[in-house]
Each structure stands twice: as C-alpha cells, then as structure tokens.
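# Report on the structure
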Amino acid sequence: MLRGLRLAHPFWKVARSMSVVRSSENTGPIEELIIAKISASLAPKRLVVTNDSHKHRHHRSMQDAENVQELHFRLEVVSDSFVGKNMPARHRLIYKLLDDEFQNQGLHALQMVTRTVAEAEKTK
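Residues numbered from 1 in each chain as written. Predicted model: local features only at pLDDT ≥ 70, side-chain atom pairs only at ≥ 80, totals over all residues. Heavy atoms only, no water.

Going by the annotation in an unreviewed UniProt entry, the name recorded for the chain is BolA-like protein, with Australozyma saopauloensis given as the source organism. The heading Sequence similarities (unreviewed entry) in the UniProt record of the chain holds the text "Belongs to the BolA/IbaG family." (UniProt positions renumbered as here; feature names shortened; annotations may be inferred.)

Take a look at the structure:
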C-alpha cells in the first residue's frame, strides 16, 4: 500500500513556478510521490526525475523484489533550499524526505545532482 499521498503543502500549488520533467507520460506512484514530496518541501526551480529501474532488473538482488518497476531513479534538483549546504547535506535532505519510500515502498536507489539556482545558472 502506498502511503504519503496527502501532503501538508499540495504539489499543484507549487508546480506553476517550477519546471518538472517526468521520466515518461505513464509515471508510477513512487515517481509521483518523489515529485510531490520534493516539490512541496524544497520548492525546486527545476526537477528532473528519470526512472532507471529497467537498467537494474538483471541484478541478482532485484530478482526477488516486489517492486521492479520503480526501484532506481535519477534526480536533478535545482533549489535555493540547498544554499549553504554541501552535497552530502543536500543528499541527506532528499533521503530523509523519501524515507518512507525506501523503507516501505520498494525504492532502492537514487542518483542525484543537486544545485542551487545560482549554481545551475553557472552551468548554462
């Protein structure tokens, strides 16, 4: 059962001021939770979520997993919530947001790029 769909700050109120790129038109419930939780908590200027689960299905440890559709994700998050935080602190923040998905919903791994808006502007 997927929990956490109700958030204190609804995603649709934040979405107008940011860019969200989903992995496909047919996203699953875990991907939608990732988008909603990061959007509500970090108010990102840009959020790119890529489902890389298909690249890892052949791994032995994944053979017995209940959830093989939404195991591995790649994230790009641009948010001023990262100002003053180093990369490990930024990643810990996201891992904490998604703790339920890791503990109870079958999420296995994240690959992350986390930048402030100023850092993202420099890489253009």
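Having put the structure on the table, let's press on.
### Brief notes about the overall build of the chain
Within the chain one finds five helices and four strands. Seen in sequence order, the chain has helices and strands lined up from the N terminus as α-β-α-β-β-α-α-β-α. For the chain, the proportion of its 124 residues judged to be buried stands at 38%. Once local pairs closer than 6 in sequence are excluded, the contacts in the chain between residues at least 24 apart make up 68%. (Helix = DSSP H or I, 4+ residues; strand = E, 2+ residues; numbered from the N terminus. Buried < 20%, exposed > 50% of the residue type's maximum accessible area, 1.4 Å probe, protein only. Contact = heavy atoms within 4.5 Å.)

### As for the pattern of salt bridges
Side chains bearing opposite charge may pair, as long as their charged atoms lie close to each other. Tallied over the full model, the rule gives five salt bridges. With a closest N to O distance of 3.4 Å, Glu76 and Arg46 form a salt bridge. You can see Glu76 sitting in strand β3 (residues 72–78) and its partner Arg46 sitting in strand β2 (residues 46–51), a full 30 residues away along the chain. The class of Glu76 is partly exposed, set by a relative accessible area of 22%. For Glu119, the salt bridge is made with Arg90, and the minimal N-O distance between the two is 2.9 Å. Remark: Arg90 occurs in helix α3 (residues 87–97) and Glu119 occurs in helix α5 (residues 117–122); sequence separation between them is 29 residues. Residues joined by salt bridges that share partners form a network here, namely Arg46, Glu76 and Arg115. (Salt bridge = Lys/Arg side-chain N within 4 Å of Asp/Glu carboxyl O.)

### Brief notes about the environment of His72
Looking at where His72 falls in the secondary structure, it is placed in strand β3. Note on His72: relative accessible area 8%, which makes it buried. For His72 and Leu110, which are 38 residues apart along the polypeptide, the C-alpha to C-alpha distance reads 5.9 Å.

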